[in-house]
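This is what each chain is made of:
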Amino acid sequence: ILWVGTCYPLKRPEAVVSLAKKLPHARLTMIMPRSSRYKDYGEKVKKMIAEQKNIRLIDNVPLDEIDAYYAASQIFINTSEYEGFPFSLLQALAQAVPAVFLKVDPDSIFNTQRVGIVCADDQEQFASNVLRLLTDKGLWRSYSARGRQYFAQYHNVAKARDRWVSLLRGEI
């Protein structure tokens, strides 16, 4: 299970600790660069994470190396209070990794495209859905396939390049 985000209160990394407590046999990785703006908060969160044996904390991963972490994950999770359309979600979908978000449904794609699950800011539902994806391989495969298809259809670099070329040529 992978969580990626800067250590800001709005990202709610402490919700990952809560998830880890509810799923003690699950292995979680948090890639969490600390924020100089929230040093005290970051230290508090780091201590909480250190108390959980099933969470591995990584301070930072270079962008050109992060895809390997997504590829090695079964599930990508997000705990943000609010969020636009996070690049981290695209990185997960590019690797066909299903997503479970605690609160946010970016552009309603979880509801409309079924590429992930949103949990209405309910920690019990969050843990339950993560566990379902970990244990139900058929369900995991269906979310994985839809995520890969969504990424290929809407975020494929070659298709985007072709659209930009057409736009610049005045064809669109």
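In case you missed it, the structure is sitting above this.
Everything in this summary refers to the structure shown in the same document. (Residues numbered from 1 in each chain as written. Predicted model: local features only at pLDDT ≥ 70, side-chain atom pairs only at ≥ 80, totals over all residues. Heavy atoms only, no water.)

**Structural notes on the packing of aromatic side chains**
Part 1 of the argument: This structure, assessed with the given rule, holds five aromatic pairs.
Part 2 of the argument: Between Tyr150 and Tyr154, the aromatic rings sit 4.9 Å apart at their centres with planes inclined by 40°, giving tilted as the arrangement. Pair noted here: Tyr150 and Tyr154 are both in helix H7 (residues 137-154), with a separation of four residues, about one helical turn.
Part 3 of the argument: For Tyr150, a relative accessible area of 9% gives the class buried.
Part 4 of the argument: Connected via pairs of aromatic rings, a cluster forms that spans Tyr70, Phe76, Phe101 and Phe110.
Part 5 of the argument: The positively charged end of Arg146 is found above the aromatic ring belonging to Tyr143, 4.7 Å away from the centroid. (Phe/Tyr/Trp six-rings, centres within 6.5 Å; stacked < 30°, edge-to-face > 60°. Helix = DSSP H or I, 4+ residues; strand = E, 2+ residues; numbered from the N terminus. Buried < 20%, exposed > 50% of the residue type's maximum accessible area, 1.4 Å probe, protein only. Lys NZ or Arg CZ within 6 Å of the ring centre and 35° of its normal.)

**Quick look at the side chain of Thr29**
Part 1 of the argument: Along the chain, Thr29 turns up in strand S2 (residues 28-31).
Part 2 of the argument: Side-chain polar atoms of Thr29 contact the side chain of Arg56, separated by 3.4 Å.
Part 3 of the argument: Not counting residues up to four positions away in its chain, the partners in contact with Thr29 are Ile1, Leu2, Trp3, Arg56 and Ile58. (Polar contact = N/O pair within 3.5 Å; in protein donor to acceptor, adjacent residues only side chain to side chain. Contact = heavy atoms within 4.5 Å.)

**Considerations on a nonpolar patch on the surface**
Part 1 of the argument: Residues Trp164, Leu167, Leu168 and Ile172 make up a contiguous nonpolar surface patch of about 510 Å² in total accessible area.
Part 2 of the argument: Locating Leu168 in the fold gives a position in helix H8 (residues 157-168).
Part 3 of the argument: What makes Leu168 exposed here is its relative accessible area of 71%. (Patch = residues over 30% accessible without salt bridge, like charges linked within 9 Å, V, L, I, M, F, W, Y side chains within 5 Å. Areas by Shrake-Rupley, 256 points an atom, 1.4 Å probe, with all protein chains shown as cover. Salt bridge = Lys/Arg side-chain N within 4 Å of Asp/Glu carboxyl O.)

**Describing the side chain of Ser144**
Part 1 of the argument: In this fold, Ser144 is placed in helix H7.
Part 2 of the argument: With residues near it in sequence (within four places) discarded, Ser144 still touches Ala96 and Pro98.

**Some thoughts on the environment of Arg114**
Part 1 of the argument: Note on placement: Arg114 falls in the loop between helix H5 (109-113) and strand S6 (116-118).
Part 2 of the argument: Residue class for Arg114 comes out partly exposed when judged on its relative accessible area of 42%.

**A word on the sheet that holds S6**
Part 1 of the argument: The strand order across the open sheet formed by six strands is S3-S2-S1-S4-S5-S6, and the pairing between neighbours is parallel. Each of the sheet's edge strands pairs with one partner strand only, and the pair in question is strand S3 (55-58) and S6. Strand-to-strand twist of the sheet, defined as the mean angle between neighbouring strand axes without regard to direction, takes the value 20°.
Part 2 of the argument: Contacting strand S4 (76-78), strand S5 (99-101) and S6, helix H6 (residues 123-135) runs over the sheet at an angle of about 175° to S5. (Pairing = 2+ DSSP bridges. Axes fitted to C-alpha atoms, helices over the stretch in contact; angles between N-to-C directions.)

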